[in-house]
Amino acid sequence: MDQTAERADRLAAQYREEGYCVAEGALRPDEITALIDEAMRLCREEAAKLTGGDAARGDAHDMGRFLAIHFPHKLSALMRETLAHPRIVEVLTRGIGPNVKCMQSMLFIKNAGKPGQAWHQDEDFIPTRDRSLGAAWIALDDATIDNGCLWVIPGSQRPGILWPLRQHQNPEYDSAPESYDYPYRDEDAIPVEVCAGSIVFFHGHLLHKSLRNRRTSGFRRALVNHYMSAESLLPWWRPNGPIPPTQDLRDIIMVAGHDPYAYKGIVDVNRPYVRRESATPAMS
Ligand SMILES: O=C(O)CCC(=O)C(=O)O
């Protein structure tokens, strides 16, 4: 077996067993630089438009105003291309299955002082019918405990249970609800500190969170894409959202294999938006 296949097999085995894995140095420095330049451009030109702001003053200060931009792949050809990066596809096709589709991307900016996201499971927000949801979290900066890296509870995907959710008042976290009543302790959690260019893959049932960026300056940027098996329907909509209830949202992009529902066609209904600290409920 060649080294690439061996590496991908090892990562996928950890993904299935522990619910997460880290592909260290998966993106080259020039790929990361290009994604950061594109992230800056989105904050300067697009996010200002999405929030009705002034797009003219595009600098690092502007970038720091936004916690995250949802669906950046609908604004950026580079981010759309990155959905099917070979280092992502090689792990997903082993961890999820041969046929994989993507339905969401998020660009986290998380400037110094910005909050994290409380414990949650992504399948609460993006339900699949076969528990196949998985994320590829691409670090655009070194992610450390003090600037708000991910934390995970290894193995917490195994029971396949979605624990209850509630609103919280903890200022450490943004407005997204928190999971509670799960049978794990804080000591079971581990930080996932990674260098820029690494990809953290995590399962849709894995309990995970991130803390506030406690630094006095600097971003903790990450591009996060969500995927699932193409065999599963995607019964995804938001109460009072732009999309009417559907058993199978076809706003998807195939990144590997065959789409068994291709006969239904593709729609483009999810619109990019900016996530603020407290106003917009998060989607994962
Ligand atoms: O990057 C973060 O701070 C949180 C990301 C997260 O929880 C997610 O993508 O589900």
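This text follows the structure it describes.
Computed from a prediction, not measured in an experiment: that's the story for all the values here.

Caption draft 1: A look at the packing of helix H1 (residues 3-18) against helix H5 (residues 86-95). Close contact between H1 and H5 brings their axes to 8 Å; oriented N to C, the two are set at 55°. The orientation of H1 relative to H5 falls into the category oblique. Of the two elements, H1 crosses H5, and the hand of that crossing is right-handed. The segment H1 lies against H5, with Thr4, Ala8, Asp9, Leu11, Ala12, Tyr15 and Arg16 engaging Glu90, Val91, Arg94 and Gly95. Taken together, the residues of the contact of H1 with H5 sort by class into five nonpolar, two polar and four charged.

Caption draft 2: Local environment of H1. Between the first and last C-alpha of H1 there are 22 Å, a value that for 16 residues agrees with the 22 Å anticipated at 1.5 Å per step. For H1, every residue scored as buried is listed here: Ala8, Leu11 and Tyr15. Down the axis, H1 shows its buried residues gathered within 65° of arc, on one side only. In this structure, H1 carries Gln3, Ala5 and Glu6 as exposed residues pointing more than 90 degrees from its buried face.

Caption draft 3: Spotlight on unusual backbone geometry. For lysine 110, which is not glycine, the phi torsion reads 45° and is therefore positive. Checked against the element boundaries, lysine 110 lands in the loop between strand S3 (100-108) and strand S4 (117-120). The buried category is assigned to lysine 110, around which 26 C-beta atoms lie within 10 Å. Of note in the backbone geometry, aspartate 181 takes a positive phi value of approximately 70° without being a glycine. Mapped onto the elements, aspartate 181 comes out in the loop between strand S8 (178-179) and strand S9 (190-192). By C-beta crowding, aspartate 181 is classed as exposed, having 8 other C-beta atoms within 10 Å.

Caption draft 4: Representation of the environment of glycine 160 in the model. Counting through the fold element by element, glycine 160 comes out in the loop between strand S6 (150-152) and strand S7 (165-166). Along the sequence, glycine 160 and histidine 205 sit 45 residues apart, while their C-alpha atoms lie 6.4 Å from each other.

Caption draft 5: Focus on H5. Where H5 is concerned, the buried positions are Arg87, Ile88, Glu90, Val91, Leu92 and Gly95. Backbone geometry just after H5 places glycine 97 at a positive phi near 150°.

Caption draft 6: Main features of the nonpolar core. The biggest cluster of nonpolar side chains holds 71 residues, and the ones touching the most others in it are Leu107, Trp137, Ile138, Ile199, Val200, Phe201 and Ala222. Ignoring anything within four residues of it in the chain, the contact list for valine 200 reads Tyr20, Val22, Trp137, Leu150, Val192 and Val194.

Caption draft 7: Representation of the sheet that holds strand S11 (residues 208-210) within the structure. On the basis of which strands lie adjacent, the open sheet formed by four strands has the order S4-S11-S6-S9 and antiparallel pairing. The open sheet has two free edges, formed respectively by S4 and S9, since each of these has just one partner strand. The mean angle between the axes of side-by-side strands here comes to 25°, regardless of whether they run parallel or antiparallel. Inspection of the sheet shows S4 paired to S11 by two bridges, in the antiparallel sense.

Caption draft 8: Layout of the pairing of strand S5 (residues 134-139). Burial of S5 is extensive: six of the six residues sit out of reach of the surface. Across five bridges, the pairing between S5 and strand S10 (residues 199-203) is antiparallel. Each bridged residue has a counterpart across the sheet, and for tryptophan 137 the counterpart in S10 is valine 200. When S5 meets strand S12 (residues 222-229), the two strands line up antiparallel, connected through six bridges. Bridging from a neighbouring strand, glycine 134 pairs with tyrosine 227 of S12.

Parameters at a glance
Residues numbered from 1 in each chain as written. Predicted model: local features only at pLDDT ≥ 70, side-chain atom pairs only at ≥ 80, totals over all residues. Axes fitted to C-alpha atoms, helices over the stretch in contact; angles between N-to-C directions. Helix = DSSP H or I, 4+ residues; strand = E, 2+ residues; numbered from the N terminus. Parallel < 35°, antiparallel > 145°, perpendicular 65-115°, else oblique. Left-handed = near helix turned anticlockwise from the far one by under 90°. Contact = placed C-beta atoms within 7 Å. Nonpolar A, V, L, I, M, F, W, Y, C, P; charged D, E, K, R; others polar. Expected span 1.5 Å × (residues − 1). Buried ≥ 20, exposed ≤ 12 C-beta atoms within 10 Å, placed from the backbone. Arc of directions from axis to C-beta. Core = buried A, V, L, I, M, F, W, Y, C linked by C-beta atoms within 7 Å. Pairing = 2+ DSSP bridges.

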